[in-house]
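Okay, here's what each chain looks like letter by letter:
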Amino acid sequence: MILVTGGAGYIGSHTCVELLNAGFNVTVFDNFCNSNPEALARVEQITGKKLELIQGDCRDRAALVAALKQSQAIAVIHFAGLKAVGESVEQPLWYYDNNVVGTLRLLEAMQECSVKTLVFSSSATVYGDPVQLPLTENHPLSPTSPYGRSKLMIEEILRDLQHSDHSFRISILRYFNPVGAHPSGLIGEDPQGVPNNLMPFVAQVAVGRREALNVWGNDYPTPDGTGVRDYIHVVDLALGHLKALEALKASQDAQANKYAGCLTVNLGTGRGYSVLDVVHAYEQASKRSIPCQIAPRRSGDIACFYADPGRAFELMGWQAKLGLEEMCASSWHWQSTNPKGYQS
Ligand code: NAD
Ligand code: WQD
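Rules and cut-offs
Residues numbered from 1 in each chain as written. Chains lettered and ligands numbered in written order. Predicted model: local features only at pLDDT ≥ 70, side-chain atom pairs only at ≥ 80, totals over all residues. Heavy atoms only, no water. Near = heavy atom within 4 Å. Polar contact = N/O pair within 3.5 Å; in protein donor to acceptor, adjacent residues only side chain to side chain. Areas by Shrake-Rupley, 256 points an atom, 1.4 Å probe, with all protein chains shown as cover. Helix = DSSP H or I, 4+ residues; strand = E, 2+ residues; numbered from the N terminus. Nonpolar A, V, L, I, M, F, W, Y, C, P; charged D, E, K, R; others polar. 1 Å grid on protein atoms, 1.4 Å probe; cavity = no way out; pocket = protein on both sides within 12 Å on 5 of 7 lines; lining within 4 Å. Points joined across faces, edges and corners; volume = space filled by probe spheres on them. Pairing = 2+ DSSP bridges. Axes fitted to C-alpha atoms, helices over the stretch in contact; angles between N-to-C directions. Contact = heavy atoms within 4.5 Å. Core = buried A, V, L, I, M, F, W, Y, C linked by side-chain atoms within 4.5 Å. Buried < 20%, exposed > 50% of the residue type's maximum accessible area, 1.4 Å probe, protein only. Expected span 1.5 Å × (residues − 1). Lys, Arg positive; Asp, Glu negative; His and termini not counted. Salt bridge = Lys/Arg side-chain N within 4 Å of Asp/Glu carboxyl O.

### Looking at the site of ligand 2
Okay, so step 1: The environment of ligand 2 is made up of 18 residues, and the closest members are Ser123, Tyr147, Asn214, Arg229 and Asp301.
Okay, so step 2: Between Tyr147 and ligand 2, the recorded distance is 2.6 Å, taken from a side-chain N or O atom to an oxygen atom.
Okay, so step 3: Asn196 is positioned with one of its backbone polar atoms (N or O) 3.4 Å from an oxygen atom of ligand 2.
Okay, so step 4: Considering ligand 2 on its own, with 690 Å² of exposed area, one finds that the protein chains cover 86% of that surface.
Okay, so step 5: Broken down by element, the shell around ligand 2 gets its largest block of residues, four residues, from strand S8 (residues 213–216).
Okay, so step 6: Residue composition of the shell around ligand 2, by class: eight nonpolar, seven polar and three charged.

Here's what the structure looks like:
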């Protein structure tokens, strides 16, 4: 049994599908502050399997202890957290409380219940402005927002914990830009309000919910002047969590921690695409035109950002398989069949 915190969210729901398909039993622990229980009904529909749900908050240690005991989990995948960069600048204490305190409470509960295998959702945002590309895991860590700093603080806590207790098996996964949806079109990203991120905004323009995309700057030192990112298909990302569990288990079976600490890897494709590349690919996938207007740069944005995904391949045998075409096609399948997300 795997306990999945934040399992009703965008990446969590896709990971639950892959876990159930691989034969794991799953208990989701979520407070639904940024998700809808309908996502979990859809996960069951896709897989034809049942999962357990416990509604609770990660800052509630007693609820986590009860969930770990009730589920008899052997490992935890920890997605629960808040993720909007701008919101974290406006409300830093809320972000540190949810993300850092929520993780501390979870680790205490895991220690109490002797559950010592953890896969944690970190973010490539911990690197900050790149001094060198592609980004390797050894790149200096210098996040530029409270959100990013909350992820770095958690990473440091996890490293300290693993150092103090070698029986902890911890994987830190640094995601690049997750996009796309399950090929069934039944689950996908369902942002509340105006989407902050590029692909969900483009999807809403394509489906007619918004008029035009603001392209935040076309004067960056990139081939077409727009920002370049490493977009990764959410299904590839979900599969990365299974590979991380496998790698942690293998290190446990070998009675040796060959990672000398936490298994920390980038999950990206290694390939960068510009804003306009994404828009053109989405136009092809949706057969709709996406009106764009050039707008001033968004504060805090970086010109170019992409992973060296070599370590994930070397240590866990994981590699992204799906390209930009599949990312756009699956996003469009989800968006066009669920134009208002789970409320459609
Ligand atoms: P999401 O908001 O869709 O999912 C997060 C889930 O956690 C939601 O279901 C929410 O209700 C739940 N949650 C939040 N706080 C909670 C709490 N205190 N107790 C219990 N449940 C709580 O986000 P996502 O895109 O699926 O991201 C999952 C994780 O991956 C997050 O930790 C995020 O920071 C990280 N991440 C996301 C991205 C991205 O661009 N989507 C990139 C890098 C890292
Ligand atoms: C991508 C590109 C924008 C919207 C953010 C977080 C990061 C991580 C992933 C969690 C940029 C441009 C965007 C729009 C645009 N999340 N853009 N018009 O900023 O790389 O990363 O999400 O860990 O921490 O910072 O992703 O999708 O917002 O932007 O032109 O309406 O699209 O300027 O070049 P970003 P994004």
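### Brief notes about the layout of surface pockets
Okay, so step 1: Computed from the structure, the second largest pocket encloses a volume of approximately 240 Å³.
Okay, so step 2: Ile74, Ala75, Thr117, Leu245 and Lys249 are, among the 14 residues lining the second largest pocket, the residues nearest its centre.
Okay, so step 3: With six residues, the top contributor of residues to the lining of the second largest pocket is helix H8 (residues 234–253).
Okay, so step 4: Considered class by class, the residues forming the lining of the second largest pocket number seven nonpolar, three polar and four charged.

### Comments concerning the site of ligand 1
Okay, so step 1: In the neighbourhood of ligand 1, 26 residues make up the surrounding shell, with Asp30, Asn34, Ser35, Asn98 and Tyr147 lying closest.
Okay, so step 2: Note that an oxygen atom of ligand 1 is positioned 2.8 Å from one of the backbone N or O atoms of Ile11.
Okay, so step 3: Between ligand 1 and the protein, one listed contact pairs an oxygen atom with a side-chain N or O atom of Ser35 at 2.7 Å.
Okay, so step 4: Protein contacts shield 95% of the accessible area of ligand 1, which totals 820 Å² for the unbound molecule.

### Regarding the sheet that holds strand S2 (residues 26–30)
Okay, so step 1: An order of S3-S2-S1-S4-S5-S6-S11 is seen for the seven strands of this open sheet, with the pairing classed as parallel. In this open sheet, the two edge strands, each paired with only one partner strand, are strand S3 (52–55) and strand S11 (263–267). The average angle at which neighbouring strand axes cross in this sheet is 20°, direction not considered.
Okay, so step 2: Across the face of the sheet, helix H3 (residues 61–71) comes into contact with strand S1 (2–5), S2, S3 and strand S4 (75–78) while running at roughly 170° to S2.
Okay, so step 3: Set on the sheet, H8 makes contact with S1, S4, strand S5 (117–123), strand S6 (169–175) and S11; between it and S6 the angle comes to about 155°.

### Overview of the nonpolar core
It is characteristic of soluble globular proteins that their nonpolar side chains tend to be buried jointly.
Okay, so step 1: Ranked by size, the top nonpolar core spans 41 residues in total, and within it Leu19, Val26, Leu51, Leu173, Leu267 and Met316 carry the most contacts.
Okay, so step 2: By residue number, the principal contributor to this core is H8, which donates eight residues.
Okay, so step 3: For Leu267, the residues in contact, after removing those within four places along its chain, are Leu173, Arg174, Tyr175, Phe176, Ile232, Leu237, Gly240, Ala312, Met316 and Trp318.
Okay, so step 4: By size, the runner-up hydrophobic cluster in this structure holds 26 residues, among which are Val76, Leu107, Leu118 and Phe120.

### Focus: helix H1 (residues 10–21)
Turn by turn, an α-helix covers 3.6 residues, leaving residues three or four places apart pointing in a common direction.
Okay, so step 1: The first and last C-alpha atoms of H1 sit 17 Å apart over 12 residues, in line with the 16 Å expected at 1.5 Å per residue.
Okay, so step 2: Positive phi appears at Gly23, one or two residues downstream of H1, with a value of about 95°.

### Observations regarding the side chain of Asp230
Okay, so step 1: With respect to the helices and strands, the residue Asp230 is situated in the loop between strand S9 (228–229) and strand S10 (231–233).
Okay, so step 2: Look at Asp230: it is buried, it has no salt bridge, and the nearest opposite charge is Arg271 at 8.7 Å.
Okay, so step 3: Within the structure, the side chain of Asp230 is placed 2.8 Å from the side chain of Thr269, a separation counted as a polar contact.
Okay, so step 4: Among residues more than four places away in sequence, those in contact with Asp230 are Phe176, Asn177, Gly268, Thr269, Gly270, Arg271, Phe305, Tyr306 and Ala307.

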